[in-house]
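Given next are the chains, with one letter for each unit.
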Amino acid sequence: QNFCMASKEPESSWPKSKPLSLKEEFRWQRFGLHHDAPLDFVRSEWQSKPKSSWFLAYRWLLASFLGTGVVSHFIKYFQGGYWFLYLTNYGFLMCGITTLTGAILVTLYHCKAENWVPSSGLIKFYWACYWTTLSVSFVISITYWGMIYPSDRVLTNLARVSDLYNIWIHAVPPIVLSIDHFLVAQPARLLHFVYPVGFGLIYGGFTIIYYALGGHDLNGRRYLYKFLNYGKPLRVIGTYIKLSVLVTIVSTLNYGLYRLRKFIA
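Read on for an overview of the structure. Keep in mind the model is a prediction, meaning the values are calculated, not measured.

Our focus in this paragraph is the overall build of the protein chain. Within the protein chain, the regular secondary structure consists of 8 helices and 0 strands. What you see in the protein chain, going N to C, is helices and strands ordered as α-α-α-α-α-α-α-α. Relative to the compact-globule value of 18 Å for 265 residues, the protein chain shows a C-alpha radius of gyration of 20 Å, a close match. Within the span of the protein chain, comprising 265 residues, buried residues form 48% of the whole.

Spelled out as structure tokens, the structure:
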């Protein structure tokens, strides 16, 4: 039974939306965040009825797991505000924001009347956050394990985190979010790669300003990451290009997972 008495769980099945054709995916309006079936954002692809208490419980379990990680990591490694310097931490923060928003949306759906639909603004915010978080989590993980680890694990690194948090922030998010991406009913769009790319460029703009103002990291270095050392501008330009391509590839692969989910379901 649903824990919210305001809404009785319907017994009938619910109509599932079909993915767009590839031709439709490449229309310019697909850069946007409009979807004709907003209830897809509060349901699982695999539930048989319009409302699922199991999906609601799962949503809060996921939000609690990642949210606990974000809050505890922030408290433990705030370090006088240096926490705000690193892309990893912003990606992890997005995990908490996105999963909490998703849990709240499903809760509202379970507690409201049967004719309730989420507001367009909230859905757009959640959808943009979700796709950004999903794609950025992969890029952070690939970049960290491929370009930063193990040099940041030396004991003299003042920005070093414990092994637990290292796994929690650099390995867990892409795994659990990929599972979630396969469980939810919400759609994906090929052209939504612009959101994670934009997220990365905004962070890049922040690092440029921080460098120009003479900022440094906890170890006293002028750069936050070796591949973003603005003393070597040509290398940094190459890094931006490569990372933008990587984000686009990851976003496309995640779209492929969406199509696989719809094919199986």
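With that out of the way, let us pick up the packing of helix α2 (residues 53-76) against helix α5 (residues 163-170). The interhelical angle for the contact between α2 and α5, taken along N-to-C directions, is 130°, at an axis separation of 11 Å. Considered as vectors, α2 and α5 are oriented oblique to each other. The interaxial crossing formed by α2 with α5 has left-handed handedness. Contacts between α2 and α5 involve Phe65, Thr68, Gly69, Ser72, His73 and Lys76 from the first element and Tyr165, Trp168 and Ile169 from the second. When grouped by side-chain class, the residues that make up the contact of α2 with α5 number 4 nonpolar, 4 polar and 1 charged.

As a further point, take the packing of aromatic side chains. Counted according to the given criterion, the structure contains 23 aromatic pairs. Seen in terms of ring centroids, Tyr77 and Tyr165 are 5.6 Å apart; in terms of plane orientation they differ by 80°. Their pairing is edge-to-face. Of this pair, Tyr77 sits in the loop between α2 and α3 (87-111) while Tyr165 sits in helix α5, placing them 88 residues apart in sequence. Pair check on accessibility: Tyr77 and Tyr165 agree, each one buried. Their ring planes at 80° and their centres at 6.0 Å tell us that Tyr86 and Tyr225 sit as a pair that is edge-to-face. Residue Tyr86 is located in the loop between α2 and α3, and its partner Tyr225 is located in the loop between α7 (194-212) and α8 (233-264); the two are separated by 139 residues in the primary sequence. Accessibility assignment for this pair places Tyr86 and Tyr225 in one class, buried. The rings of Phe41, Tyr126, Trp127 and Tyr130 are connected pair by pair, giving a single aromatic cluster. Between Lys51 and the ring centre of Tyr109, over which it is positioned, the NZ or CZ distance is 4.8 Å. Positioned above the aromatic ring of Tyr211, the side-chain terminus of Arg222 is 4.3 Å from the ring centre.

There is a patch of nonpolar side chains on the surface, built from Leu234, Ile237, Ile241, Val245, Ile249 and Leu253 and spanning about 630 Å² of accessible area. Of note, Ile237 is situated in helix α8. Of the residues examined, Ile237 reaches a relative accessible area of 48% and is grouped as partly exposed.

What follows is about the pattern of salt bridges. Scanning the model with the defined rule gives 9 salt bridges in all. Arg153 serves as the salt-bridge partner of Asp163, at 2.6 Å between the closest nitrogen and oxygen. You can see Asp163 sitting in helix α5 and its partner Arg153 sitting in the loop between α4 (120-148) and α5, a full 10 residues away along the chain. A relative accessible area of 51% means that Asp163 is categorised as exposed. Assessed through its relative accessible area of 12%, Arg153 is described here as buried. Residues Asp217 and Arg221 are paired through a salt bridge, measuring 3.0 Å at the closest nitrogen-oxygen approach. Note on Asp217: relative accessible area 0%, which makes it buried.

In this section: α8. Taking 1.5 Å per residue as the helical rise, α8 with its 32 residues ought to reach 46 Å, and the 47 Å between its terminal C-alpha atoms agrees with that figure. Val236, Thr239, Val247, Val250, Ser251, Asn254, Tyr255, Tyr258, Arg261 and Lys262 are the residues of α8 that are buried. Buried residues in α8 make contact with α1 (22-25), α4, α6 (172-183) and α7.

What follows covers the environment of Asn115. Tracing the backbone through its elements, the reader meets Asn115 in the loop between α3 and α4. Residues Asn115 and Arg30, spaced 85 residues apart in sequence, show a C-alpha to C-alpha distance of 27 Å.

This paragraph deals with a positive patch on the surface. A grouping of Lys226, Lys232, Arg235 and Lys242 is seen on the molecular surface, where their side chains present a positively charged patch. Here Lys242 lies in helix α8. Judged by relative accessible area, which is 64%, Lys242 ranks as exposed.

If you trace the backbone, Ser44 turns up in the loop between α1 and α2. Only 3.1 Å separates the side chain of Ser44 from the backbone nitrogen of Trp46, close enough to count as a polar contact. Within polar-contact distance, the side chain of Ser44 engages the backbone oxygen of Leu183 at 2.7 Å.

How each quantity is defined
- Residues numbered from 1 in each chain as written.
- Predicted model: local features only at pLDDT ≥ 70, side-chain atom pairs only at ≥ 80, totals over all residues.
- Heavy atoms only, no water.
- Helix = DSSP H or I, 4+ residues; strand = E, 2+ residues; numbered from the N terminus.
- Rg over C-alpha atoms; globule rule 2.2 N^0.38 Å.
- Buried < 20%, exposed > 50% of the residue type's maximum accessible area, 1.4 Å probe, protein only.
- Axes fitted to C-alpha atoms, helices over the stretch in contact; angles between N-to-C directions.
- Parallel < 35°, antiparallel > 145°, perpendicular 65-115°, else oblique.
- Left-handed = near helix turned anticlockwise from the far one by under 90°.
- Contact = heavy atoms within 4.5 Å.
- Nonpolar A, V, L, I, M, F, W, Y, C, P; charged D, E, K, R; others polar.
- Phe/Tyr/Trp six-rings, centres within 6.5 Å; stacked < 30°, edge-to-face > 60°.
- Lys NZ or Arg CZ within 6 Å of the ring centre and 35° of its normal.
- Patch = residues over 30% accessible without salt bridge, like charges linked within 9 Å, V, L, I, M, F, W, Y side chains within 5 Å.
- Areas by Shrake-Rupley, 256 points an atom, 1.4 Å probe, with all protein chains shown as cover.
- Salt bridge = Lys/Arg side-chain N within 4 Å of Asp/Glu carboxyl O.
- Expected span 1.5 Å × (residues − 1).
- Lys, Arg positive; Asp, Glu negative; His and termini not counted.
- Charge placed at Lys NZ, Arg CZ, Asp CG, Glu CD.
- Polar contact = N/O pair within 3.5 Å; in protein donor to acceptor, adjacent residues only side chain to side chain.

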